[in-house]
Amino acid sequence: MSNQVVTFGCRLNISESEIIKKQLSESGLNDYVVFNSCSVTKEAERKLRQSIRKNRKLHPDKKIIVTGCAAQINPEKYNS
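Quick caveat: nothing in here was measured; it's all calculated off a predicted structure.

A. Main features of the side chain of Lys 62. Relative to the assigned elements, Lys 62 resides in the loop between helix H2 (42-58) and strand S3 (63-68). Despite its burial, Lys 62 pairs with no opposite charge; the closest candidate is Asp 31, at 5.5 Å N-O.

Below, the structure written as structure tokens:
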């Protein structure tokens, strides 16, 4: 399987996601999904949580990493 980076939010997140993709590729790690999150609005966080749930259901073997604003502001919420 391969890695995937899902981006929510601003242009900065888009730029950071490209760096994350490159780092994942170079690391040799496989089967990861990285959610680069945004916390500007409650809707952004709702979509993030929805996307994480959907991904867990569709790809239960992939490991999930949540990074970005939402993960920094409320790490307990995304640490499971």
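B. Structural view of the nonpolar core. Val 6, Phe 8, Val 33, Phe 35, Cys 38, Ala 44, Leu 48, Ile 52, Val 66, Ala 70, Ala 71 and Tyr 78 together form the largest nonpolar core, which totals twelve residues. At the level of elements, strand S2 (32-37), H2 and helix H3 (69-73) are the ones that each hand at least two residues to this core. When residues no more than four places from it in sequence are discounted, the contact partners of Ala 70 are Ser 37, Cys 38, Ser 39, Glu 45, Leu 48 and Tyr 78. By size, the runner-up hydrophobic cluster in this structure holds five residues, among which are Val 5, Leu 24, Tyr 32 and Val 34.

C. A look at the sheet that holds S3. Strands sit in the order S1-S2-S3 across an open sheet of three strands; the sheet is parallel. Looking at strand neighbours, the two that pair on one side only are strand S1 (4-7) and S3, the edges of this open sheet. Neighbour-to-neighbour, the strand axes of the sheet open up by a mean angle of 20 degrees, direction not taken into account. Taken together, the six bridges between S2 and S3 define a ladder with parallel strand orientation. Bridge pairing links Asn 36 to Thr 67 in S3. Across the sheet, helix H1 (residues 11-27) lies against S1, S2 and S3, angled at about 160 degrees from S2, the strand it touches most. Across the sheet, H2 lies against S1, S2 and S3, angled at about 175 degrees from S2, the strand it touches most.

About the criteria used
- Residues numbered from 1 in each chain as written.
- Predicted model: local features only at pLDDT ≥ 70, side-chain atom pairs only at ≥ 80, totals over all residues.
- Heavy atoms only, no water.
- Helix = DSSP H or I, 4+ residues; strand = E, 2+ residues; numbered from the N terminus.
- Buried < 20%, exposed > 50% of the residue type's maximum accessible area, 1.4 Å probe, protein only.
- Lys, Arg positive; Asp, Glu negative; His and termini not counted.
- Salt bridge = Lys/Arg side-chain N within 4 Å of Asp/Glu carboxyl O.
- Core = buried A, V, L, I, M, F, W, Y, C linked by side-chain atoms within 4.5 Å.
- Contact = heavy atoms within 4.5 Å.
- Pairing = 2+ DSSP bridges.
- Axes fitted to C-alpha atoms, helices over the stretch in contact; angles between N-to-C directions.

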